[in-house]
Structures are given as structure tokens and as C-alpha cells.
Amino acid sequence: MSEEQIDAASPLTVLKGVGPALAIKLERLGLFRVEDLFFLLPLRYEDRTQLVRLGALVAGTRCLVSGEVLLAETVYRGRRNLLVRIADGSGQLTLRFFHFSRSQQAQFQPGVRVTCFGDARQGAAGFEMIHPEYRLLREGQDAAINESLTPIYPATEGVQQGRLRNLTDQALRVLHQSPPPELLPRDIRDELSMPSLADAIDYLHRPPPEADVELLQQGLHPCQQRLAFEELLAHYLSLRNLRTLADTKAAPALRNGEVEVARFIDGLPFDLTSAQQRVVDEILVDLARPHPMMRLIQGDVGSGKTVVAAIACLKAIVCGVQAAIMAPTELLAEQHWRSFSEWLRPLEIEPAWLAGSQRAAARRKTLASIADGSAQLVVGTHALFQEGVDFHNLGLVVIDEQHRFGVHQRMALRDKGASELGHPHQLVMTATPIPRTLAMAAYADLDTSIIDELPPGRQPVKTVAIPATRRDEIIARVRSACAAGQQAFWVCPLIEESDVLDFQAAEASYAMLTEALPELRVGLVHGRMRAAEKERGMQAFKDGVIQLLVATTVIEVGVDVPNARLMIIENAERMGLSQLHQLRGRVGRGPMQSHCVLVYKPPLGSNSRTRLAVLRDTNDGFVVAQRDLELRGPGELLGTRQTGLPDYRIANLVRDASLMPKVQLAAEALRQSPAADAAAIIRRWLGDAGRYGKV
Ligand code: ADP
Ligand code: MG
């Protein structure tokens, strides 16, 4: 194929030097077409655009130097070293090799000229470079100085940097001949002073010598930001399309039941906070529309999301459709089942229960009642949406602790519930508040409501961090709290990825505590217990029969026991910020002062120290979440693997958070503009299918 026929969409095999074997290796890097090379950005850059004089070397810098060999010798320093001394008239430098061949050694004859690239460091006898890249210069040959900064690409096994540079050279020639279409409208680019796509790509692959390497290294160069912006925009547009798609679907318009809802709210043992009331109103407006609601409720731990969900369920039931609520753990599902049973008893609504651990007979009965519609409300785990569960007329789905479920699961649910009524309304609730910019990126397919107020009289939990070496002190604290009629949680060390070890650690703590505190009634709950056993333990704790509950992190989400006012968390240094905030949220649920003790194994690393300090300093879940995002990145914060959050090629949700509001504005503008091609932007970055499903 001649060069003119090659374009951005051509397969990589059109490039010189790419045979089938190399093509397979490149596929592993996600590279299929010439265009893909445009977006394979260097990880960093090296400056080989100027020779540094040996007299001007600075320790700790990576640089290009050139000189004449004065002498080469092998010495023994525990092992064999080859030392080559070079000079350029301004100073001297020693090259040091630990691995070298005889022929290599023979190359370095006095008088031979050589160029080297490496890290200059201060050695015992002046500057040295260990294992520099080097090249011998022929008679009269100049040191090869590059015209642009040297890009260092993400490597893959068997594809060397030199090869990637050669391929991107070829790709850039294609870029110059037929640049990819510019998809960002001029006015948007002008307003944000962004370069064109082609210019940005060209610059990032071969930055000129005067480029700001520092800025490039941080990913904050306008050219990088230009590409990150377009990528974020593509994802955002794709999610917004999903949201718009929902408005083309039918859903039951739930308009009746005002009286019942008002009566229910009146009958609660507390008044709704104004934030809860506002969110309830938002939900009721959504439910009355003939299109599926897609709403996210964000609220800090203890802000009272459950009762809001209950009101939505009641509305659905009164309007004659089924409602389902799904929680991530059986423990939490069971708790919801109890709360809902209690709240809805006066209305003679009996929620059905569906979970994985259920006996076959009970399960069959529940399935039958779900299918014939006699179960108006179903509470359960993800078992709710497995094979064999057929709803009669599902009108509302509530997903609690949404961060455990991803976009894909959300979509699967929506389709699962579809019936002749249309699609069910969807309400999703987060456990942890999500920083605003991250929520924009991850949940753009949802409308958001925020419960930004705690029930009255709540006092911030007082938090301290104490080394495990002072265990006696901590036990004494538990003793006196329980003597004063309070209850306490003792959360055991989290042992990654091992149920067995997790459970052994819990058993060990339980044994230690029953021995140390013989006067207390101590209970144990862990992940390997049968659901019924777990539930018995929890219920005994709720009823005050158990004073101290030893638990693994199964109690992380949702558990609600207002009389528990002391939370001890072992090995706090190993847990993430949001998880600690969740655990701490198990106390401070009543009007009295609660305490949280973060027990750590010294010495503390700096990251752990920071985390514990954040918790000591704030009780505000939004602040905690922001710090968590900065410390760990979005995947962790949203619950890793399952989030459905894609890997971005260029954008970074933490680094580029400040772009999100602009992305949002640009997306709305684009969607209004008939000339703009939003679909092409999505295709470029997410591929033909659009990563979130059909768009
Ligand atoms: P979360 O938002 O963490 O899911 P919950 O729904 O579990 O919070 O509510 C926490 C506690 O606050 C529960 O005991 C609940 O009954 C109580 N609660 C909820 N709303 C109010 C309110 N408006 N006034 C007083 N207590 C409330
Ligand atoms: Mg909750």
C-alpha cells in the first residue's frame, strides 16, 4: 500500500515494519489502527536536545553528555566493575558498568569519543553515570542531538521504545497528511483556549526542546488537557445519552396515594428533616412522570436515606405496582426488611424476603408471590435480580449502597424489570458521599438529590487514634462505657481476600475480649456465619441483650443501632478512608455523644497517618470522600472492579477534576447544536458500541 492510501483508520499492518507477530503484541497495548497510535501518549519525556558540559553536571539530573575516553579499567568492589573515565575539556565523568562483555570493554579505547545518556550522580571520585545508554562516535561524527524531547512510551513485552518511536513517527506522518476531524466546535475550543486535536497530538508525541517538561510530566500541559477534556466529554455524553434514552421509555406514572403518604410521614416517630422532605418531593415528581425515574440519592452516613426510600416504595405500592429494594449484604437487607415491616405494618403491607441463603421451600413461596403480585414489596440482596425471579408488575427499584453496583448492573436491573407497564423507576442510594466532580463523571446518567443535613441533635463522633500497644487502655474504655449502659462495637482486623483468616482474627479478638471483660455480654458476628445466625447476633445487639459486639467489617454498611456509642476499629491503618467513615457511621446515630477509637499498629506510614488525621479532624462525609479521592483515586473510592467506571486512556479523574464543570457545560452546548457531532466524539473514545451500552 502506498503512503497516500494509508489513513488513520488503516490497520497497523500498513506501517513499515509491522508484521503479524508485532501486530499481536501491539494489540496487547490496545493498538489496532493507525489512529490508536495518535492516542498512545508518552508516559514521560527525556531531554536529549542539548548536550550538557561535563563541568556543568548537576547531581540527580538525567542528561545527554559527550566526551573522549581517557581510560577504562576493571576494578573489584565486591564484584567486577568496568569504569570508563571520559572528559570534554570542561570536566570529567566516570561511566560505571556492572554487567559488560569483553567486547564492550574493548570498545572503550583511550581517545574514542562517546555520547551517553543517563542519571548523573555524585560518586566518591566526582560525577558518575551507572549503566548509561551510550553510543560510540565515529571519526568526525557529531553527538546525535534530538530535535524534540524524547518520548518514553508505555512499554509492552517485546516492543521496544525505539520501535514505538518509529511507529509513532509513521503515524504522525499520516496525521499531517490527513488529520483526524476536529470534533470540538471552535467556540468551545476558543473559550477554553485549547489547541486543535491534531496540533495537540503532534506536540505531545514530539514536544519541542523549549517545552515545559515539568508541566508535561504532571499531565497539565494544555495539549494534554485538550485530549483529557475530549475524553471526559465523550464519556459524559455517552452517559447523558443513557439518561435521555430513559425519557423515551415508558414507565407507570404514579400519581395516587397522596393521603397515604402524608399519613405515613405523620406516623413516623420523628419529623423528616427539611433535606429529606425536599428529596422526597423530588422523587414524587419523578414518579408521577410516565418515564422511568433515574435518580441518585447522596447523603452522608446517618442522614436518613432509608426512610426516604420507604416513602417511595409506599407510593408505588399504593399506586398498585410492586416495589423492590436491593441491599449489598444480607445483614443490611435483613435490617431493611425489619424497618420496612415495622413502618408499613399499620398499612398492612408485609414485605417479602429474598436472599441467597434462603431455604428452597421458602424461596419457592416468595418467588410465587413475586410472580403473582401478592408480594407488593420485596426486600433482598442481588438474589432479587437473578434468573427465575419474575415480577408481576415491578414499578420501582431501590438500590441501597449503590457504590457496590456499577453502571452495567444498573442497566441490567432496568431491563430485568421491564414489563408491559414499561420500565420500573429507579432510585439508587450511595453509602458514601461522592465528590461533586467525580459524581458528574460517574453518575451522569442519573439525576442527583442530596440529603445535606443530619437529623437534629446529632453530635459529631469524637475520634482518636491509639496504638495497639495501649490495648489495656482501650479495653478499660469499653468496660466503663458498657458499665454506663452504652453499647460498643469492636471491629476486627481486616484480612484481605481471606474469609478464613478474617474469621479467625474475629474469633481471636472475641476470645480475648470475653476473657478480659468477663462481666460483659459479648457477641460475635462475622462473614462466614449463616445469615440466620448473623441476624440473631445483630438482633440481640439491637435489643441490648449483647453489650459488646465483636464483628468483622460485615457491619460496614448500613447497620443501625442508635444506642451503640463506642466504636473500636482494629488495624485502622490498613483501611481506606471511606470505609473507616462508614464504620464510624455505625455510632453517633442518637442524640448522645459517641466516640470512635482508631487502633493502629505502630509505626504508622505517612499515608496511614494522613488518613487517621483526616478522620480525627472531620465528620463530614463529603470532606472525607474528597480526601479519599485524592489519596486513592476514583476506582477505590467507588468500590473498584464493580463500578463500571472505565479506564480512561488519558484523563485522570483526580488530576482533571477541575475540567468536569466545563465538560458538563460543553456537553450541554453540543447536545443543543445541530452542527456538532456528539456521536462521533463518543465513537472516537469509546469505540463503536459506546462502552455503556447502545448510545
Ligand atoms: P443512612 O442515610 O445512613 O442510610 P438511616 O436511614 O439508617 O441512615 O438512618 C439513620 C438513623 O436515623 C435511623 O435510626 C433512622 O431511623 C433515623 N432517622 C432518619 N430520619 C430521621 C429524622 N428525620 N429524625 C430523626 N431520626 C431519623
Ligand atoms: Mg443506609
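Above this text sits the structure in question.
Here is what the cut-offs are and how they apply
Residues numbered from 1 in each chain as written. Chains lettered and ligands numbered in written order. Predicted model: local features only at pLDDT ≥ 70, side-chain atom pairs only at ≥ 80, totals over all residues. Heavy atoms only, no water. Helix = DSSP H or I, 4+ residues; strand = E, 2+ residues; numbered from the N terminus. Buried < 20%, exposed > 50% of the residue type's maximum accessible area, 1.4 Å probe, protein only. Contact = heavy atoms within 4.5 Å. Core = buried A, V, L, I, M, F, W, Y, C linked by side-chain atoms within 4.5 Å. Domains from an automatic or database assignment. Pairing = 2+ DSSP bridges. Axes fitted to C-alpha atoms, helices over the stretch in contact; angles between N-to-C directions. Near = heavy atom within 4 Å. Polar contact = N/O pair within 3.5 Å; in protein donor to acceptor, adjacent residues only side chain to side chain. Areas by Shrake-Rupley, 256 points an atom, 1.4 Å probe, with all protein chains shown as cover. Nonpolar A, V, L, I, M, F, W, Y, C, P; charged D, E, K, R; others polar. Phe/Tyr/Trp six-rings, centres within 6.5 Å; stacked < 30°, edge-to-face > 60°. Parallel < 35°, antiparallel > 145°, perpendicular 65-115°, else oblique. Left-handed = near helix turned anticlockwise from the far one by under 90°.

1. Points about the overall build of the protein
Reasoning step 1: Assigned secondary structure in the protein consists of 24 helices and 22 strands.
Reasoning step 2: Over its C-alpha atoms, taken along the principal directions, the protein stretches across nearly 100 × 70 × 45 Å.
Reasoning step 3: Counting only residues that meet the buried cut, the protein has 54% of its 695 residues in that class.
Reasoning step 4: Within the protein, contacts between residues at least 6 apart in sequence are counted, and of these 75% link residues at least 24 apart.

2. Some details on the nonpolar core
Reasoning step 1: Core analysis: the biggest nonpolar cluster contains 95 residues, and Leu26, Leu227, Phe229, Leu233, Phe391 and Ile681 have the highest contact counts within it.
Reasoning step 2: Viewed by domain, this core spans two of them, domain 1 (3–41 + 159–206) and domain 3 (258–451), each represented by three or more residues.
Reasoning step 3: Once you skip the residues sitting within four places of it in the chain, Phe391 turns out to touch Gln322, Ala324, Ile370, Val378, Leu384 and Phe385.
Reasoning step 4: If you look at the next biggest cluster of nonpolar residues, it comprises 43 residues, including Ile297, Val307, Ala310 and Ala312.

3. Quick word on the sheet that holds strand E20 (residues 548–551)
Reasoning step 1: On the basis of which strands lie adjacent, the open sheet formed by six strands has the order E17-E22-E21-E18-E20-E19 and parallel pairing. The sheet is open, and its two borders are formed by strand E17 (462–467) and strand E19 (522–525), each paired with just one other strand. With strand direction ignored, the average angle separating the axes of adjacent strands in the sheet is 20°.
Reasoning step 2: Seen against the sheet, helix H19 (residues 577–584) touches E17, strand E18 (487–491), strand E21 (564–569) and strand E22 (595–600) and runs at an angle of roughly 150° to E21.

4. Focus: the site of ligand 1
Reasoning step 1: Around ligand 1 sit 16 residues in total, of which Asp271, Gly302, Thr306, Arg458 and Asp560 are the nearest.
Reasoning step 2: Within the backbone of Gly304, one N or O atom sits 3.0 Å away from an oxygen atom of ligand 1.
Reasoning step 3: Separating an oxygen atom of ligand 1 from a side-chain N or O atom of Thr306 is a distance of 2.6 Å.
Reasoning step 4: Coverage of ligand 1 by the protein chains reaches 86% of its 560 Å² of free accessible surface.
Reasoning step 5: Tallied by class, the residues present in the shell around ligand 1 amount to four nonpolar, six polar and six charged.

5. Looking at helix H24 (residues 678–686)
Reasoning step 1: H24 sits mainly inside the fold: seven of its nine residues count as buried.
Reasoning step 2: Taken as a whole, H24 has its buried residues at Ala678, Ala680, Ile681, Ile682, Arg684, Trp685 and Leu686.
Reasoning step 3: Here the buried face of H24 lies against helix H2 (34–38), helix H6 (197–205), helix H8 (222–246) and helix H23 (660–672).
Reasoning step 4: The first or second residue beyond H24 is Gly687, which carries a positive phi of 85°.

6. So, the packing of aromatic side chains
Reasoning step 1: In the structure shown here, the tally under the stated rule is seven aromatic pairs.
Reasoning step 2: Considering the side-chain rings of Phe489 and Phe541, the 5.0 Å spacing of their centres and the 55° angle between planes classify their relative orientation as tilted. Of the two residues, Phe489 is situated in strand E18 and Phe541 in helix H18 (residues 531–542); the sequence distance between them amounts to 52 residues.
Reasoning step 3: Exposure remark for Phe489: the relative accessible area of 0% places this residue in the buried category.
Reasoning step 4: Through a chain of ring-to-ring contacts, three or more aromatic side chains come together here, namely Phe97, Phe108 and Tyr134.

7. Comments concerning the packing of H6 against H8
Reasoning step 1: Between H6 and H8, whose axes approach to 9 Å, the crossing angle comes to 125°. By the angle class used here, H6 and H8 are oblique. Helix-helix and strand crossings are classified by hand; for H6 and H8 the assignment is left-handed. Packed against H6, whose contacting residues are Leu197, Ala200, Ile201, Tyr203 and Leu204, the element H8 presents Cys223, Gln224, Arg226, Leu227 and Glu230 at the interface.
Reasoning step 2: A class-by-class count of the residues in the contact of H6 with H8 yields seven nonpolar, one polar and two charged.

8. What about the side chain of His425?
Reasoning step 1: Within the fold, His425 resides in strand E15 (residues 425–429).
Reasoning step 2: Residue His425 is classed as buried on the basis of its relative accessible area of 0%.
Reasoning step 3: In terms of polar contacts, His425 uses its side chain to reach the backbone carbonyl oxygen of Pro252, at 2.7 Å.

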